[in-house]
Amino acid sequence: MKKAVYPGSFDPFSNGHLDIVKRASKMFDEIHILVSHNIAKKTNFTSEERVNLIKKCVSTLKNVVVKTYDGLVVNYCKENDISIIVRGLRNYNDYEAEFNLFQYNKDIAPKVETILLLPTTKNQFVSSSAIKELVQFDCDISKYVPKEIIEDITLKFKNKA
């Protein structure tokens, strides 16, 4: 069985993330969406909230597992017999960060490979920070986040204002 992991903070989960998951789920027997802890980011949703939001969005994808993990992604891979890390790549800044991360991951876990998926045109510019800002200004976010979680996201960021 070929398994892959798609890690990220997913705060919040977007249509761009969902697009990557759907495409990866066709490439692998099992895809793990891993809500991971990023020490450089302050999250708005708890890990448990993010897992639950993502589960709402991927409930029809039978080969997708959603989990949380506080350690290194490559250690999760080792613990779960996963040989592929899937990453989305929107722009050059993402490329630079992913290139550096790849080097560390390869050094720590030489058998784990990383594949990069490019966004579709409609998701190329979608970002968590833009979604948060749009909610603050009462804009429609339905083009950018799965319909299953629009209300959850809107309530969270409206309450933070």
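Structure first, text after, so check above.
Just so you know, these numbers come straight off a predicted model, no measurement behind them. (Residues numbered from 1 in each chain as written. Predicted model: local features only at pLDDT ≥ 70, side-chain atom pairs only at ≥ 80, totals over all residues. Heavy atoms only, no water.)

Trainee: Is there a simple way to think about the layout of surface pockets in this case?
Mentor: Over the atoms rolls a probe the size of a water molecule, and in doing so it shows where empty space is left. If you add up the space inside the largest pocket, you get close to 1,200 Å³. Looking at the largest pocket, it is lined by 44 residues, and the ones nearest its centre are Gly8, Asn38, Lys41, Arg87 and Glu98. Going through the elements one at a time, strand S1 (3-8), helix H1 (15-27), helix H3 (73-79), strand S4 (84-88), helix H4 (92-108) and helix H5 (128-136) are the ones with two or more residues in the lining of the largest pocket. Take the lining of the largest pocket: its biggest share by element is 9 residues, from H4. (1 Å grid on protein atoms, 1.4 Å probe; cavity = no way out; pocket = protein on both sides within 12 Å on 5 of 7 lines; lining within 4 Å. Points joined across faces, edges and corners; volume = space filled by probe spheres on them. Helix = DSSP H or I, 4+ residues; strand = E, 2+ residues; numbered from the N terminus.)

Trainee: Teacher, can you tell me more about the nonpolar core here?
Mentor: A general trend in soluble globular proteins is that nonpolar side chains are found buried together. One finds Val58, Val86 and Ile153 to be the most contacted residues of the largest nonpolar core, which totals 33 residues. Mapped by element, the contributors of at least two residues to this core are S1, H1, strand S2 (30-36), helix H2 (47-58), strand S3 (64-69), S4, H5 and helix H6 (150-160). Counting residues per element, this core draws most heavily on H2, which supplies 5 residues. Among residues more than four places away in sequence, those in contact with Ile153 are Pro12, Phe13, Phe45, Ile131, Val135, Ile141 and Val145. Val5, Val74, Tyr76 and Ile82 belong to the second-largest nonpolar core, a separate cluster that totals 11 residues. (Core = buried A, V, L, I, M, F, W, Y, C linked by side-chain atoms within 4.5 Å. Buried < 20%, exposed > 50% of the residue type's maximum accessible area, 1.4 Å probe, protein only. Contact = heavy atoms within 4.5 Å.)

Trainee: For this particular structure, what's the right way to read the environment of Val112?
Mentor: Inspection of the secondary structure puts Val112 in the loop between H4 and strand S5 (113-117). Residue class for Val112 comes out buried when judged on its relative accessible area of 7%. It is 7.5 Å that separates the C-alpha atoms of Val112 and Cys77, two residues lying 35 residues apart in sequence. With sequence-adjacent residues up to four places away left out, Val112 is seen in contact with Cys77, Ile82, Ser83, Ile85 and Lys106.

Trainee: Would you take a moment to explain the pairing of S2 for this structure?
Mentor: Regular strands place side chains that alternate from one sheet face to the opposite one. Of all 7 residues in S2, 6 are buried, a share of seventy percent or more. As paired elements, S1 and S2 share 6 bridges and run parallel to each other. Among the inter-strand pairings, Gly8 is bridged to a residue of S2, identified as Val35. Considered for its hand, the β-α-β crossover made up of S1, H1 and S2 is right-handed. The pairing of S2 with S3 spans 6 bridges and is parallel. By the bridge assignment, Val35 is partnered in S3 with Thr68. (Pairing = 2+ DSSP bridges. Right-handed = clockwise from strand over helix to strand, strands pointing away.)

Trainee: Which parts of the structure should I look at to understand the sheet that holds S2?
Mentor: The pairing of strands in a sheet comes from backbone hydrogen bonds and takes either a parallel or an antiparallel form. Strand order in the open sheet formed by 5 strands is S3-S2-S1-S4-S5, with parallel pairing between adjacent strands. Every interior strand has two partners, whereas the edge strands, S3 and S5, have only one. Strand-to-strand, the axes of this sheet are offset by a mean angle of 30 degrees, without reference to chain direction. The strands touched by H1 are S1, S2, S3, S4 and S5; relative to S5, the strand with the most contacts, the crossing angle is about 125 degrees. Set on the sheet, H2 makes contact with S2 and S3; between it and S3 the angle comes to about 170 degrees. (Axes fitted to C-alpha atoms, helices over the stretch in contact; angles between N-to-C directions.)

Trainee: Would you mind going over the packing of aromatic side chains with me for this structure?
Mentor: Describing an aromatic ring pair means giving the distance of the ring centres and the angle of the ring planes. Per the counting criterion, the structure on display carries 6 aromatic pairs. An angle of 70 degrees between the planes, with centres 6.1 Å apart, marks the rings of Phe125 and Tyr144 as edge-to-face. Note that Phe125 is positioned in the loop between S5 and H5 and Tyr144 in the loop between H5 and H6, a separation of 19 residues in sequence. A relative accessible area of 19% places Tyr144 in the buried class. (Phe/Tyr/Trp six-rings, centres within 6.5 Å; stacked < 30°, edge-to-face > 60°.)

Trainee: How should the pattern of salt bridges be read in this particular structure?
Mentor: Where side chains of opposite charge bring their charged atoms close, a pairing between them can arise. All told, the structure shown has 8 salt bridges when counted by the stated rule. Between Asp94 and Arg90 there is a salt bridge, with its nearest N and O atoms 3.2 Å apart. Lys106 is paired through a salt bridge with Glu113; the nearest N and O atoms lie 2.7 Å apart. By relative accessible area, which is 23% here, Lys106 ends up partly exposed. According to the relative accessible area criterion, Glu113 is partly exposed, its value standing at 37%. (Salt bridge = Lys/Arg side-chain N within 4 Å of Asp/Glu carboxyl O.)

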